[in-house]
Amino acid sequence: MRIQFTKMQGAGNDFVVLDETRGRLGLTPAHYRFLGDRHFGIGADQILTVRPSPADGIDFEYVIHNADGNEVEQCGNGSRCFARFVRDQGLTTKDRIRVKTMKGVIEPLLTLDGRVTVDMGAPVFAPAEIPFDDSGLSLQAMGSWGNWPLALADTAQGAPLLVATVSMGNPHAVTLVADVDTAAVGVLGPQVQADARFLQGVNVGFLQVVSRTAVRLRVYERGVGETLACGTGACAAVVAGIRLGLLDARVDVQTRGGMLTIAWAGMGHSVFMTGPATTVFRGEIDIPE
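Residues numbered from 1 in each chain as written. Predicted model: local features only at pLDDT ≥ 70, side-chain atom pairs only at ≥ 80, totals over all residues. Heavy atoms only, no water.

## Observations regarding the packing of aromatic side chains
For step 1, the next point in the chain: Using the criterion set out here, one finds seven aromatic pairs in the structure.
For step 2, the next point in the chain: Measuring from ring centre to ring centre gives 5.9 Å for F5 and F281, while their planes differ by 85 degrees; the resulting arrangement is edge-to-face. Of the two residues, F5 is situated in strand 1 (residues 2-10) and F281 in strand 19 (residues 278-286); the sequence distance between them amounts to 276 residues.
For step 3, the next point in the chain: Looking at F281, the relative accessible area reads 37%, which means it is partly exposed.
For step 4, the next point in the chain: Each ring, one from F132 and one from W148, has its centre 5.9 Å from the other, and the planes form 50 degrees; the classification is tilted. Placement of F132 in the loop between strand 8 (116-119) and strand 9 (140-142) and of W148 in strand 10 (residues 145-150) is noted, with a sequence separation of 16 residues between them.
For step 5, the next point in the chain: Judged by its relative accessible area of 2%, F132 falls in the buried class. (Phe/Tyr/Trp six-rings, centres within 6.5 Å; stacked < 30°, edge-to-face > 60°. Helix = DSSP H or I, 4+ residues; strand = E, 2+ residues; numbered from the N terminus. Buried < 20%, exposed > 50% of the residue type's maximum accessible area, 1.4 Å probe, protein only.)

Structure (structure tokens):
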């Protein structure tokens, strides 16, 4: 089967975007793995699918698969590329669109400077809703919130790893580090992801606070590994930093792939993410049966 695709990237987080507004392609998890494979397919962190409106008041449906073939709840950088794609392809003339995801509705806004701002919804902190099993743990207070002491299976870690847990429609664990360049992302990321307390896995953020309005961030993503940027990870990291008393309400997040700006006015409010969305190339590919 031959299909058309668009390759896009947002701050280095790269995507294969598929148009199913005219009909379903009928892809399987194996097909998504093939498309995401950087050696035998196209190569991407996630595969994004555009589907027609599922209900009144909604413009499109947004379906996300990780490179491992599994469907996931949310992808922040992908949502910006989604908005850029539907506008560039003539699927909408709107600057602000309403998009259904697995976990709710988001509203990307194409701005005059060429970037895209997305209302990512309000963060969720209740452990059961992340989901995170906090049984037997005591929150270690910091700011107006605190960190959970996570005893990793690898005893070489020594003291428990302190993590702040939050959902941005998908689960995140954020840990503070002195320097993201020397942080043990490739070691600690898989260990935290494998921890049984995270019932649906977790994205692991390594946050370096530079000032109250600037941070550096690396994220080890669930089902992908470390990526050049993670939009929901940036949102989760800034939200955590604000609640821990370390950050102001608007923060520039430097990832390895580029800059994202995150704004959050506090409890009960949505998180707003602004960043780039760029088309890299378009093409066709034959998918093996």
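## Quick notes on unusual backbone geometry
For step 1, the next point in the chain: Between I130 and the following residue, P131, the backbone shows a cis peptide bond with an omega angle of -5 degrees.
For step 2, the next point in the chain: Here P131 lies in the loop between strand 8 and strand 9.
For step 3, the next point in the chain: For A11, which is not a glycine, the phi torsion comes out positive at approximately 60 degrees.
For step 4, the next point in the chain: Turning to its location among the elements, A11 is positioned in the loop between strand 1 and strand 2 (13-19).

## A closer look at the pairing of strand 3 (residues 46-52)
For a regular strand, the rule is simple: side chains alternate between the two faces of the sheet.
For step 1, the next point in the chain: A large share of strand 3 lies buried, amounting to six of its seven residues.
For step 2, the next point in the chain: In terms of handedness, the path from strand 2 via helix 1 (residues 29-36) over to strand 3 forms a crossover that is right-handed.
For step 3, the next point in the chain: Here strand 3 runs beside strand 4 (residues 60-66); their pairing, made up of seven bridges, is antiparallel. Note that in strand 4 the partner of R51 across the bridge is E61. (Right-handed = clockwise from strand over helix to strand, strands pointing away. Pairing = 2+ DSSP bridges.)

## Quick look at the environment of M168
For step 1, the next point in the chain: Mapped onto the fold, M168 is located in the loop between strand 11 (161-167) and strand 12 (171-176).
For step 2, the next point in the chain: For M168, a relative accessible area of 2% gives the class buried.
For step 3, the next point in the chain: Distance from M168 to G90, taken between C-alpha atoms, is 29 Å for residues 78 residues apart in sequence.
For step 4, the next point in the chain: Excluding residues within four positions of it along the chain, M168 makes contact with Q74, M120, G121, P123, T232, C235, A236 and V271. (Contact = heavy atoms within 4.5 Å.)

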